[in-house]
Amino acid sequence: MCGAVLARLVILLYIAGPITIGLTMTNDWDVSDEEAECFYSALSDELKGYDGEFSEIIRWAPEMFKLFMRLRKDPTLSDKDRKIADHVLSYFVDPDDPMPEGRIGKWGFFDDLFLCAWTLKKLEKTYGAEVLSNNWSGKAELSKVVDETYHAGREWLSGMEETILRAAGLKPGDFKGV
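Residues numbered from 1 in each chain as written. Predicted model: local features only at pLDDT ≥ 70, side-chain atom pairs only at ≥ 80, totals over all residues. Heavy atoms only, no water.

*Asks:* So what exactly am I meant to see when it comes to the overall build of the protein here?
*Replies:* When its secondary structure is counted, the protein shows ten helices and zero strands. Going from N to C terminus, the protein has its helices and strands arranged as α-α-α-α-α-α-α-α-α-α. Of all 178 residues assigned to the protein, the portion counted as buried reaches 51%. For the protein, restricting intrachain contacts to residue pairs at least 6 apart in sequence, the fraction spanning at least 24 positions comes to 74%. Counting every atom, the protein has about 8,600 Å² of accessible surface; 51% of that belongs to carbon and sulfur. (Helix = DSSP H or I, 4+ residues; strand = E, 2+ residues; numbered from the N terminus. Buried < 20%, exposed > 50% of the residue type's maximum accessible area, 1.4 Å probe, protein only. Contact = heavy atoms within 4.5 Å. Areas by Shrake-Rupley, 256 points an atom, 1.4 Å probe, with all protein chains shown as cover.)

Shown next as structure tokens:
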């Protein structure tokens, strides 16, 4: 069952396409809780026992995915910020993002996680850490996860930041000062 669900997630991405967020946002990422849980389970299985480069950061991918699934439904967030969560989730399942897992292996989740950390820093400025922590189910402290991922990403992905945001359908200008 989950195989068909994962295929649907990829098809949804291609149908919806990356939509740049502007004043009028009509793109909804219509994914059921069952589909999201299947992707979460597949991601958890895929990364279980990973001990390659940035393994500590990369193993947080399933919990980050789950966090953004919760944030996209959190009524505390504005419609625009819930749409940003949708875009982050779309980036997770995009097989052609700037660092595709299918071509470079599990290290390819690093850009996905950097996008998550960068987005969480932006959301924290608006809503505070508590709103984010209330949606987090990971074992590590969320602020530690975000800081480590963000700083490693700034070091290792330097110069790719705008490419990653654009590939996610986000406006780089919305992330200035983060």
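There's plenty left to go through after this.
*Asks:* Help me out: how do you make sense of the environment of Ser78 in this one?
*Replies:* With respect to the helices, strands and loops of the structure, Ser78 is situated in the loop between α4 (61–71) and α5 (79–93). Since its relative accessible area comes to 30%, Ser78 is described here as partly exposed. Sequence spacing of Ser78 and Tyr127 is 49 residues, and the spatial spacing of their C-alpha atoms is 9.9 Å.

*Asks:* It is not clear to me how the packing of α4 against α5 should be interpreted in this structure. Could you clarify?
*Replies:* The relative placement of two packed helices comes down to the angle between their axes together with the axis-to-axis distance. Across the interface, α4 lies against α5 with an axial gap of 8 Å and an inter-helix angle of 145 degrees. Crossing handedness for the pair α4 and α5: left-handed. Facing Ala61, Met64, Phe65, Phe68, Met69 and Leu71 of α4, the residues of α5 in contact are Arg82, Ala85, Val88, Leu89 and Phe92. For the contact of α4 with α5, a count of residues per class yields ten nonpolar, no polar and one charged. (Axes fitted to C-alpha atoms, helices over the stretch in contact; angles between N-to-C directions. Left-handed = near helix turned anticlockwise from the far one by under 90°. Nonpolar A, V, L, I, M, F, W, Y, C, P; charged D, E, K, R; others polar.)

*Asks:* Would you explain helix α2 (residues 33–47) in this entry?
*Replies:* Taking 1.5 Å of rise per residue, the 15 residues of α2 would be expected to cover 21 Å, and the 21 Å separating its terminal C-alpha atoms lies within 8% of that figure. Residues Glu35, Ala36, Cys38, Phe39, Tyr40, Leu43, Ser44 and Leu47 constitute the buried set of α2. Gly49 sits one or two residues past α2 and shows a positive phi near 80 degrees. (Expected span 1.5 Å × (residues − 1).)

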